[in-house]
Structures are given as structure tokens and as C-alpha cells.
Amino acid sequence: MNALRTPTLETLGLGSVLEIFRNGRLPVDAAAAVDAVFGPPGDRGAMVISGANGIVGAGKTMQFASRLVDYGVPVVALDFPGAPDGIGAKYDGLVAGFGKARANAIMASIVRLTYDGTTLPHELRAMKPRFLLEAIPEILDVKRAHYDLFRAAFPDIEIRSVTSGFPARELGVGVAHPAFPHEINKVFEIVEESPSDVTRMLWALGLLPVPVSDDWSFILDVLFCGVTLAALRYHGASNMPYWKVDKFVRKLVGPNPFRAHDAIGAKGADFLTWSCLHHLAEEYGPLFTPTPDLVERKDTGQNWYPPNHFRPLVDWGLGAEGEAEFETWILGPLFQMTSLMLKENRGHLTHVNAMGELCAQFRTGILAMMREKGPDAVRATVARYHEFVPSAAEGTAWFPDALDAVDSPEWQQLYVNAEHDGTVGVVTLSRESYNWDVDAELNRALDWLKDEGIDALIVTGDFHLSTQMVGADTGEFFAALEDPEAGLAITTTWSRTARRLHHDFRTSVAFVGGKRCLGGMLELLMHCHHLVAVDGVRFGWPEVTLPVVPGMEACHWPLRRTDAEGRRRVLEMLLTGRPVKAEDARGWLVDHSGPMDDALAAAWRLASAGAGGDDGRRPVEEGPLEGLGALVPSVDDADSPAMEAGREAILACVQAATDVGVDEALDLQARIAADFLAGPVCRKGAVGSEYAKTMKV
């Protein structure tokens, strides 16, 4: 097997995506993975979560209980008597997510026990604990004593700590550090010598284990605590209020670090951030030294944001020069900290980049930001930051030579990978939303496969970081709201990339195995000769609800590949935004759906079959389409005037793009979509509102 870069699945010991298709099955079965950790049915052991009423513990109790209930694994929630009922507070969320009957079954699988911190409850022995997830406070001696207590009682128990900062070598156990929000975010930073049964089980249960090196604060908290520290230092230099600094950080990078601390719970979150930075500073030097206001807040627990009615009514901007200086204050330390993580090889570069996006709310991953700037500009930014904070140049935390590898495939293909076996190629998307980075990397991956002589292709998620395909990254539309030509660049360029899936390969198969495929991602994949999905996957074009006009050919391409009834169904999707399940879209949008193993086998069979149009593919009608007006379905009234305007614009785009041939339609629909993006309706809609909130500071 040849690969453009190392697949992230290999870091979990799960092989490659190509092997998944070739074998026609996933590398780990969930039931077998649960057996490996908790024992076989009839002899199940329990999972114990200590500190289960805390923010982290309660969130993880819900997350694991909801996944293990069907396998008969009880979850023991262990905490001190009198601890606030963090678990009970999650019940309403369970009901909203699963329905009352399922929520009750999940809660019934949770056994709540209390202990005094020095002796374990006697009831625990009968439950045969097999796996302990420790979520007690970040005090090293307390954690070590806790592990000793469990090992004395259960010598063979697997233990993982949710620590934000302590390396496994300090703890004496492995690490499974979860990202916030704990009941929703599926990412765990994993520290262990080699992929374990626990890690394989996490993956099989639909969670996202990410292997990281055994270094202080791993990856996520270097980035999140790092951006918090950068914001604190800017506040100290400028006296700008914390809430206002947050606005500019959001505009530049994506997160609101101070609001995030308040949302998590300021006292606990401030202590964790201080702890991570304190230990990092001891290890690497003043780049990480906590500021005096952080030290004060971790002691007092005071929120960073004042009540809304105490905020001043007068707001102000920075101006071009001020924003350039602000960028140095924020990006300078982040770039320097990232150079340290690169030097230490803290993780697969796709993982390093993804941790910022999936967990720290970065709009674009840190490596993608550095790649776009280029090594020279990154080094210059850090040098300017050292003029502001000379102490940051001290210690062992600046490695400019780590940027020399920016042209390597591992760095150039952060979101898109390609593999092949000499005959069939597989392109994997590791990002759930399509943006300019994905577009550029996809083109490089397709070019590489063509250069390798591959003419049969499967396009899919990566079976790891990308569990769904949610559409285009609407942040990329911000420039288009002000400039129609910026929108035209998106709608034209991305559409031409999508057409490569149809024109550049003898056979192309789109495979969707996650929860949903929406918007621009569906537009991309519908250009493949075949679309294969797992039953239950939801497909949809929600653009009308934003509203925007689909810009990657949804307004004509799927209509050219189906019959009259299929065209009516496609138009209904476009005009209502309502999704359809894969099994209900067979024959007019989806070519094959079934259970996972069946769908995998079908995708491989289609991709590895012989040449030509004899493989059951739905042809594309290349000329104008007639009679569409009679197929427009009757739909419910629009939810708002903006949605009604979106419907009218989409119908106009459909009519214009189907009145001409397929070649002329690309540029025509691209212009209509771009003009709508720059129009008043879109600027007042969801995209425009997010733009104003994010960028109009």
C-alpha cells in the first residue's frame, strides 16, 4: 500500500482506510472491543469513574453509560458523600438526546457509590471493576494515592487519568484526557506505550482517541492554555478589558478563552490552566509563566466576564496598526509553543492541527495557519513577540528549525490523504467542513493519484477524525458577503474541483459512513460516478434555511442524474432543507445503501470493477432539462421572509442552470450563488449574523 502521508488510523494500530475497504469490514468490532476490556457476556466487569459528580466526571459518565448500556456494562460513579449531584443534572440532556425511555435505561445502568478517599466501598468488589477512569482534582500526590488504593484491591484493573497536564510518567498510569464539553466532545488525548484494548474500544464506540507523546500538557492544553496566556499578556500590556480581548481573539483565531473559562466554571478551569502553565514554565521557561491575574483568579474563582449590565456601552476598535500588533501578541506565543510541540514530535501533524479545531475552537488549525503564513513570516512574528516579551526568548521553547519541514507531505496534507494499492485509490477527508485548505489538499491528492497511474477512486471520511460531513465552512463565506468576486472564486473553484471526481477518473465512488452528509460535502460527493452509504446516514441541503444558494452545483447536477420523480425529490430537499435517509434516497441520489459491511463491500466492488459505463452508474444529462417547472413540489410555508427569498433564489438558479448544457451551467450557477452571498438577504441571515458577531469588532 502506498500513501501520500501516514494515515491517522495507523497511529491507533488499526491499519489503513484502504484495508477497511479491501477487507469489507471495520478493523475493530464494538462488541469484541468491549469484551476485551470488560470480559465476555455473563462475566462482565464494571467501569468506574472516580470524581463522577465533577464537571469532567459527570460528562464522561453520561458519554460512556450511553454507549455501554447495550453491552451490559455497569458504570460505577464514585465520589465523596455530599458532592454536588453533577450526574442528576445531566438527565434532562439525556432525555433531549435519546428520549425518556432510553434516558431512563442509561441512568439505570449507572451505580452511584460514595467513599471517603482512603477505603473503597465494599459493594465495589462484587462488580469486578475492569477499567477506572480517574477524574479527581489535579493534585499529583492525591492521584497517585488513588491509584494505589485501586491497585491494592484490583491488581489487574486498567487505569486512565483525565489529567489536563501531568505526563503519564509522573502519574504512573496512562492518560485519556477528554476535551470540553465533556458530554459532547468525543476527543481523548491518549498516552500509552502502544495502542491498547481500551483505545481500540474507544474508537469502536465512536469516540476519537488521539495518541500524543508523554509531555507536559500534551497538545490541547498547550494550545488552549497558550491562547489564554497570550490574551492575558495582551490585557496586561494594553489594559483592554478581558471581554473585549476575547472579541479580538475570536476574530483572529476563533475561541473566546475567557468566556470558555467562565462557561466551564472559572475556579476549576482557572486552576487547571494555571497548573498546566506553571508546570510548563518549570519545564521549558518563561514563555509559559502564568500572569499575576491568572494566579489571583485561580485562588479567588472570580469570573472573567462582568455581568452584562456592567459592561460599558461604548465600544471601540483597534485600527489596522493596532490589529497588527494584537496579532503579534496572540500568534507569536502560539507559533513558538507549536514549534516546541513539533520539536518534541508530540503527535501526528494532522492530530496536532485538528486538536485546535475540534477542541480549542480554533477556526483553522494552528499548523494550517502557520503553513499559510510561511516559515519566514512565522519566524518574524515570533521575533516581534520577543521584542514585546523578551523573557519568552529564554528557556528551551523556541525551535525555528522545526518549520523547515513545512513542504513535507505530512504538513501539506493536514486534512486530505490518499492511498492506493496500484489499482484503486482512496482519498480520505479528515475535516468535517469544506474550506480552501481542503480544496487545495484534495487537488494535490488527486494529482498524486493521477501521477501514480490510478484511475479508480473511493472518496470517504477518514474513519477517525471525521465522523460526519457537515458541508461548507461558512466562515469562508465572510469575505464573499462584501465582495461578489470572493464568492465567485469559491463557487467556481470548488465546483471545478468537484467535477474532477467525475472527469478525471474511470470510476469514482463516494462512500458515506458517518451520521450525516450535508451541503457542500454532499455537493462534492454527488459528482462521483457512484454514491454508497450506510443505512441511516442523513443527506441534506440545508442552505435554504441560512439562506444561501448552493454553490457547488446542487442546483443542477443531481437533477441531471435522475428521473422525473427523483428530480421532484431533489427539488423538495433544496426548497425545504429537510434531510433524507440513505435508504430512502436509493435510485435517485444514493446508488447503494446497506449495513456497514455491505456498504464497504459495495464501494470496493464498484471501484475495483472493470472499465466503462457498464457498472450501473447513473448517467449525467448533458443538455438542457425540460419540464422542471411541473416537478416543483408543493412545500410548507417558509419559516421566514429570508427563507422564502432563499427559495426563490434557489429556484431561479435551478431554472437558469438547467436551461443550458452541463458545461455552461457551472459558471452560470457559480455567479448566481456568489451574487446571492453578497446580497442583502444573505447579509441579514445566519451567515451574515455570524460574520457581524465574529468580524465586526
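This text follows the structure it describes.
Residues numbered from 1 in each chain as written. Predicted model: local features only at pLDDT ≥ 70, side-chain atom pairs only at ≥ 80, totals over all residues. Heavy atoms only, no water.

Trainee: Could you clarify how one ought to interpret the packing of helix α22 (residues 484–503) against helix α27 (residues 662–677) in this entry?
Mentor: Two quantities define a packed helix pair, namely the angle between the axes and the distance from one axis to the other. Where α22 meets α27, the axes come as close as 8 Å, and the angle between the chain directions of the two elements is 145°. Remark: the crossing between α22 and α27 carries right-handed chirality. The segment α22 lies against α27, with P484, E485, G487, L488, T491, T492, S495, R496 and R499 engaging V662, D663, L666, D667, Q669, A670, R671, A673, A674, D675 and L677. The residue makeup of the contact of α22 with α27, split by class, is eight nonpolar, five polar and seven charged. (Axes fitted to C-alpha atoms, helices over the stretch in contact; angles between N-to-C directions. Helix = DSSP H or I, 4+ residues; strand = E, 2+ residues; numbered from the N terminus. Left-handed = near helix turned anticlockwise from the far one by under 90°. Contact = heavy atoms within 4.5 Å. Nonpolar A, V, L, I, M, F, W, Y, C, P; charged D, E, K, R; others polar.)

Trainee: For this particular structure, what's the right way to read the nonpolar core?
Mentor: One recurring pattern in soluble globular proteins: nonpolar side chains tend to sit buried together. F21, F288, F511, L524 and F539 are the most contacted members of the largest nonpolar core, which has 231 residues in total. The element contributing the most residues to this core is helix α10 (residues 220–238), with eleven residues. Beyond its immediate chain neighbours, meaning those up to four positions away, F288 contacts V222, L229, R233, L277, L280, A281, M337, L340 and A397. (Core = buried A, V, L, I, M, F, W, Y, C linked by side-chain atoms within 4.5 Å. Buried < 20%, exposed > 50% of the residue type's maximum accessible area, 1.4 Å probe, protein only.)

Trainee: Is there a simple way to explain the layout of surface pockets in this structure?
Mentor: Gaps left between atoms are located by rolling a probe of water-molecule size over the structure's atoms. A volume near 1,100 Å³ is recorded for the second largest pocket. Around the second largest pocket, the lining is made up of 36 residues, and of these R67, K186, L205, G206 and K515 lie nearest the centre. Sorting the residues of the lining of the second largest pocket by element identifies α3 (55–68), α4 (91–98), α9 (197–204), β13 (456–461) and β15 (507–512) as the ones contributing at least two each. Counted by class, the lining of the second largest pocket contains 17 nonpolar, twelve polar and seven charged residues. (1 Å grid on protein atoms, 1.4 Å probe; cavity = no way out; pocket = protein on both sides within 12 Å on 5 of 7 lines; lining within 4 Å. Points joined across faces, edges and corners; volume = space filled by probe spheres on them.)

Trainee: Looking at this structure, how should I read the sheet that holds strand β16 (residues 516–518)?
Mentor: The pairing of strands in a sheet happens through backbone hydrogen bonds and is either parallel or antiparallel. With respect to topology, three strands assemble into an open sheet ordered β16-β18-β19, the strand pairing being mixed. At either margin of the open sheet sits one strand with a lone partner, and together these are β16 and β19 (580–581). Across two bridges, strand β18 (residues 538–540) lies against β19 in antiparallel orientation. Across the sheet, the residue bridging to R538 is K581, located in β19. (Pairing = 2+ DSSP bridges.)

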